[in-house]
Amino acid sequence: MAEINLSAEQLDKLKAAMAKVKGAEAQTPQAGAASQGQAPQADASQAPQAAVPGTLADAAGEAGTEQKLQPIETNLAEGTYLRVDEDEMAAWLYLAPPKEDQTYTKRELESYLAQHGVVKGFHSSNLSAMIKKKIYDREILVARGAQTKPGTDGYFEYLFSPEEHGAPKVREDGSVDYSSMNALQNVHKGDKVAIYHYAVQGVNGYTVLGGEMKADPVRDLPPMRGKGIIRENEVYYAQSDGKIEVKDGKVDIQNVHEIMGDVDAIIGKIEFFGDIIINGNVEGGVIIRAGRNIEIHGTTGAATLFAGGDVLLSRGIQGGGKISARGNVYAEFIENTTVDAGGLVQANVILNAKVNAKNKVVTTGKKGAIIGGYIHALKSIEVITAGNDVELKTVLHCGYEPESFDKLLEARRREAEIKEKLSKLVDTMTEALREKRMRGSNTSRATEASLLEWNNLKDEYFAELDKVGQEREALESTMEEGRDAFIKVDGNIYRNVVISINSEKMTLDRNTCFMRYSADKGVIEGTVIVHN
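Just so you know, these numbers come straight off a predicted model, no measurement behind them.

A.B. asks: I'm lost on unusual backbone geometry in this one. Help?
C.D. replies: For residues that are not glycine, phi is negative in most cases, and the peptide bond is trans in most cases. The phi dihedral of Asn 233 is positive, around 60 degrees, even though this residue is not glycine. You can call Asn 233 exposed: its relative accessible area is 62%. One non-glycine residue, Phe 514, lies in the positive phi region at around 45 degrees. Within the secondary structure, Phe 514 sits in strand 37 (residues 512-520). Look at Phe 514 and you get partly exposed, because its relative accessible area is 33%.

In structure tokens, the structure reads:
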């Protein structure tokens, strides 16, 4: 049974009520019970149902001792009694019918409850119904306690998944995609990463006898600790782009994601806003995306690599992979791989690869060879060896692509065409506006509608003109950068190597060495490299 704590005022009321009991003695069992906060019970003559479970009389009967409670002065008929549940959370009133010339009032019932120690949680509507509907000879709920309402401790709401590994995705056909299991949690600078929710205090409960039940205490958490985060009120923000994770309760944002072992098909995919460093091998089929640089210190199979910066492959790539980098690509060797670089591509050996570099392609080291495939660089290609003894076709192209000139001519034609249309449209609109000024409010609806349509068409022309102009400028810039492009082979050049500069090309029909090729007025010229 929950501990009952009565206030001084409640104790005074109980003592006053007990003093009215006929023949009450200071040390009677009833007074003792009342002093302990227990509800006194009617005697057997007043309540034949004294054996109802939960009453003091019932408890005394179980103990094998007979206790006679003195009757309480009341207008309620004999047989009326009150039963309080053992946990003191509910009180039930059994109301005997009154005499023919007598009626009950709600106030009488409330007084009767108070005399028996029930002082909280009155069920007012049930008491009113017992009077109004004259509900007799059955127990009715007249008071109910209130359970405690638990509070909640303060907690952090993470706006990312703090788990180390996500669950694999199930495809529509029922197969499982394991490639996303180790996808990194990435954030941008300024992203919300967590929100703190303060503790909410619970609500205390009470029993019908006035006992108070305390709600469990709650607590707030200290401010979040970690690196790369900043707090504003209850919200935490990322201070930089990077990988976010929770370690030992601390949030950590790192600009470098480093993997000490191999990356295989089970991992499948790695995406990170900063740098990615892999100290092992990368198997075929793996996809790696980095906002900045990618470094792989082991061998790389037919993987797909995307980098916002540079790609560094200490031991090369082979097997049909793909590299796309806004910066430079460095590799020990590049074999059967497609490479697209915004800067230069540098390797020891490039074998049967398709390479496109917006700066230049350079081979270094003992071999410094390009064998087979198609190699393009905007500014220059500088190699030691081109082709091989078996005369494998090897295409070396620098400068602008042959189709770039045709694209430039087409862009200029479209630009002139749009300007001509725009000029005619402006003349037409000017004439219509002059007419509108002359007629004022008498301007026809057809003219007004035409002006609206022409104005929209004018905006479309300007948008298209801007797009074509940007395309033309990019092509002109590319052709200007490739104007002085050259191919330099500082070693052997084998038969069946194709030398191509801008839109010109030639295929070597014999072996040679130490040559530098450039284009002048549409003709490829070769000069011998002389070493002093």
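There's more to say after this.
A.B. asks: Looking at this structure, how should I read helix 6 (residues 402-439)?
C.D. replies: Turn by turn, an α-helix covers 3.6 residues, leaving residues three or four places apart pointing in a common direction. In this model, helix 6 (38 residues) spans 57 Å end to end at C-alpha, consistent with the 56 Å of a helix rising 1.5 Å per residue. Residues of helix 6 that are buried in the fold lie against helix 7 (445-481). Note on helix 6: the residue one or two positions beyond its end, Gly 440, has a positive phi of about 65 degrees.

A.B. asks: Is there a simple way to think about a nonpolar patch on the surface in this case?
C.D. replies: On the surface, a cluster of nonpolar side chains totalling about 300 Å² of accessible area is made up of Phe 514, Val 528 and Val 530. Looking at the secondary structure, you find Val 528 in strand 38 (residues 523-528).

A.B. asks: Is there a simple way to think about the nonpolar core in this case?
C.D. replies: If you look at the biggest cluster of nonpolar residues, it comprises 52 residues, and the most contacted ones within it are Val 361 and Ile 381. When near neighbours in sequence (up to four residues on either side) are disregarded, Val 361 contacts Val 345, Ile 350, Val 355, Ile 370, Ile 375, His 376, Ala 377, Ser 380, Ile 381 and Glu 382.

A.B. asks: I'm lost on helix 4 (residues 106-115) in this one. Help?
C.D. replies: Those residues of helix 4 not exposed but buried are Glu 108, Leu 109, Tyr 112, Leu 113 and Gln 115. Buried residues along helix 4 cover an arc of 160 degrees about the axis, so they all sit on one side. Positive phi shows up at Gly 117, right after helix 4, with a value of about 90 degrees.

A.B. asks: Explanation requested: the sheet that holds strand 15 (residues 250-254) in the structure shown.
C.D. replies: Adjacent strands of a sheet form backbone hydrogen bonds with each other and so pair up, either parallel or antiparallel. The mixed open sheet is built from four strands, whose spatial order is 7-14-15-11. The open sheet has two edge strands with one neighbour each: strand 7 (186-187) and strand 11 (226-227). Bridging between strand 14 (residues 242-247) and strand 15 involves five bridges; their strand directions are antiparallel. Counterpart to Lys 243 in the pairing with strand 15 is Gln 254.

A.B. asks: Can you walk me through the sheet that holds strand 19 (residues 287-290) in this structure?
C.D. replies: In spatial order, the strands read 17-19-21-23-25-27-30-33-35-36; together these 10 strands make up an open sheet with mixed pairing. Edge positions in the sheet fall to strand 17 (269-272) and strand 36 (504-507), since each has one partner strand and no second. Ignoring strand direction, the axes of neighbouring strands in this sheet form an average angle of 5 degrees. Relative to strand 30 (residues 373-377), strand 27 (residues 354-357) is paired through four bridges, and the arrangement is parallel. Pairing of Asn 356 across the sheet is with His 376, part of strand 30.

A.B. asks: Would you mind going over the packing of aromatic side chains with me for this structure?
C.D. replies: Given two aromatic rings, their pairing is described by the distance between the two centres and the angle made by the two planes. If you walk through the whole model with that rule in mind, you get six aromatic pairs. Seen in terms of ring centroids, Phe 156 and Tyr 236 are 5.9 Å apart; in terms of plane orientation they differ by 70 degrees. Their pairing is edge-to-face. Of this pair, Phe 156 sits in strand 4 (residues 155-158) while Tyr 236 sits in strand 13 (residues 235-238), and the two are 80 residues apart along the sequence. Tyr 236 carries the same exposure label as Phe 156, and that label is buried. In this structure an aromatic cluster arises from ring pairing among Phe 156, Tyr 196, Tyr 198 and Tyr 236. Lys 120 extends its terminal NZ or CZ atom over the ring of Tyr 206, reaching a point 4.2 Å from the ring centre. Against the face of Phe 486 rests Arg 516, its NZ or CZ located 4.1 Å from the ring centre.

Reading guide: rules and limits
- Residues numbered from 1 in each chain as written.
- Predicted model: local features only at pLDDT ≥ 70, side-chain atom pairs only at ≥ 80, totals over all residues.
- Heavy atoms only, no water.
- Buried < 20%, exposed > 50% of the residue type's maximum accessible area, 1.4 Å probe, protein only.
- Helix = DSSP H or I, 4+ residues; strand = E, 2+ residues; numbered from the N terminus.
- Expected span 1.5 Å × (residues − 1).
- Contact = heavy atoms within 4.5 Å.
- Patch = residues over 30% accessible without salt bridge, like charges linked within 9 Å, V, L, I, M, F, W, Y side chains within 5 Å.
- Areas by Shrake-Rupley, 256 points an atom, 1.4 Å probe, with all protein chains shown as cover.
- Salt bridge = Lys/Arg side-chain N within 4 Å of Asp/Glu carboxyl O.
- Core = buried A, V, L, I, M, F, W, Y, C linked by side-chain atoms within 4.5 Å.
- Arc of directions from axis to C-beta.
- Pairing = 2+ DSSP bridges.
- Axes fitted to C-alpha atoms, helices over the stretch in contact; angles between N-to-C directions.
- Phe/Tyr/Trp six-rings, centres within 6.5 Å; stacked < 30°, edge-to-face > 60°.
- Lys NZ or Arg CZ within 6 Å of the ring centre and 35° of its normal.

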